[in-house]
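# Summary of structural features
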Amino acid sequence: MTIQILHNPRCSTSRNTLARIRDTGAEPEIIEYLKHPPTREELLGILVSMGAEPRDILRTKEPLAKQLALLDPARTDREIMDAMLDNPSLIERPIVISAKGARLCRPVERVDEIL
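A few points on the structure. In this text, all values refer to a predicted model and were calculated from it rather than measured experimentally.

## Notes on the nonpolar core
Residues I57, M84, L90, I91 and I95 are the most contacted members of the largest nonpolar core, which totals 20 residues. Elements represented by at least two residues in this core include exactly α2 (40–50), α4 (77–86), β3 (95–98) and β4 (101–104). Apart from the residues lying within four places of it in its own chain, the contact partners of L90 are I57, L58, R59, E62, L64, A65, L68, L70, A83 and M84. In terms of nonpolar packing, the next biggest core, distinct from the first, is built from eight residues, I3, I21, C105 and I114 among them.

What follows is the structure, given as structure tokens:
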């Protein structure tokens, strides 16, 4: 399996994670998820691989998360997922997917767990 990174080139953590992957000699498939957002099925697959819920990858510091009241504990996984699919900026980054699983790589060193 190719290593994939859901990447935002404007994010320093995402850039540093990409560099750390490349330092191993691997060249990942770079998915600029703001330009090419995941489908519902892809996002669900990533969450399953991570053993995570949509709230776990919600970008809580994104002003839109507050505007849409996604920080409210009463919001359902489906509501959060729908919001992330409609507004990919709500997906925390970077997410790296490899044969060993998927991780939200915050901090950057988390990528080492799946390389």
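## What to know about the sheet that holds strand β2 (residues 29–32)
Judged by pairing direction, the sheet is mixed, and its four strands sit side by side in the order β2-β1-β3-β4 without closing on themselves. On the outer flanks of this sheet lie β2 and β4, each paired with one strand and no other. Adjacent strand axes in the sheet meet at a mean angle of 15° when their direction is disregarded. Running over the sheet, helix α1 (residues 12–23) touches β1 (4–7), β2 and β3 and is turned about 165° from β1. In the packing of α2 onto the sheet, the strands contacted are β1, β3 and β4, and the crossing angle to β4 comes to about 90°.

## Remarks on the pattern of salt bridges
In total, this model carries 10 salt bridges according to the counting rule given. Across the pair E27 and R22 runs a salt bridge whose closest N-O atoms are separated by 2.9 Å. For E27, a relative accessible area of 51% gives the class exposed. A salt bridge links D82 to R40; the shortest N-O distance between them is 2.4 Å.

## Re the side chain of S98
On the secondary structure map, S98 appears in strand β3. Side-chain polar atoms of S98 contact the backbone nitrogen of K100, separated by 3.0 Å.

## Section: α1
End to end, α1 covers 16 Å across 12 residues, agreeing with the expected 16 Å (1.5 Å per residue, within 8%). Buried residues in α1 make contact with β1, β2 and β3. Phi turns positive, to about 95°, at G25, one or two residues after α1.

## Considering the environment of E29
Relative to the helices and strands, E29 resides in strand β2. Considered as a pair, E29 and I5 are 24 residues apart in the sequence and their alpha carbons are 6.4 Å apart. In this structure, E29 is in contact with T2, I3, Q4 and I5, ignoring residues within four places of it in sequence. Among the polar contacts made by the side chain of E29, one reaches the side chain of Q4 at a distance of 3.0 Å.

## Notes on the environment of I21
For I21, the position within the fold is in helix α1. When its relative accessible area of 0% is taken as the criterion, I21 is described as buried. Sequence spacing of I21 and I3 is 18 residues, and the spatial spacing of their C-alpha atoms is 8.7 Å. Sequence-distant contacts of I21, defined by excluding residues within four places in its chain, comprise I3, I5, A26, P28, V96, V111 and L115.

Rules and cut-offs
Residues numbered from 1 in each chain as written. Predicted model: local features only at pLDDT ≥ 70, side-chain atom pairs only at ≥ 80, totals over all residues. Heavy atoms only, no water. Core = buried A, V, L, I, M, F, W, Y, C linked by side-chain atoms within 4.5 Å. Buried < 20%, exposed > 50% of the residue type's maximum accessible area, 1.4 Å probe, protein only. Helix = DSSP H or I, 4+ residues; strand = E, 2+ residues; numbered from the N terminus. Contact = heavy atoms within 4.5 Å. Pairing = 2+ DSSP bridges. Axes fitted to C-alpha atoms, helices over the stretch in contact; angles between N-to-C directions. Salt bridge = Lys/Arg side-chain N within 4 Å of Asp/Glu carboxyl O. Polar contact = N/O pair within 3.5 Å; in protein donor to acceptor, adjacent residues only side chain to side chain. Expected span 1.5 Å × (residues − 1).

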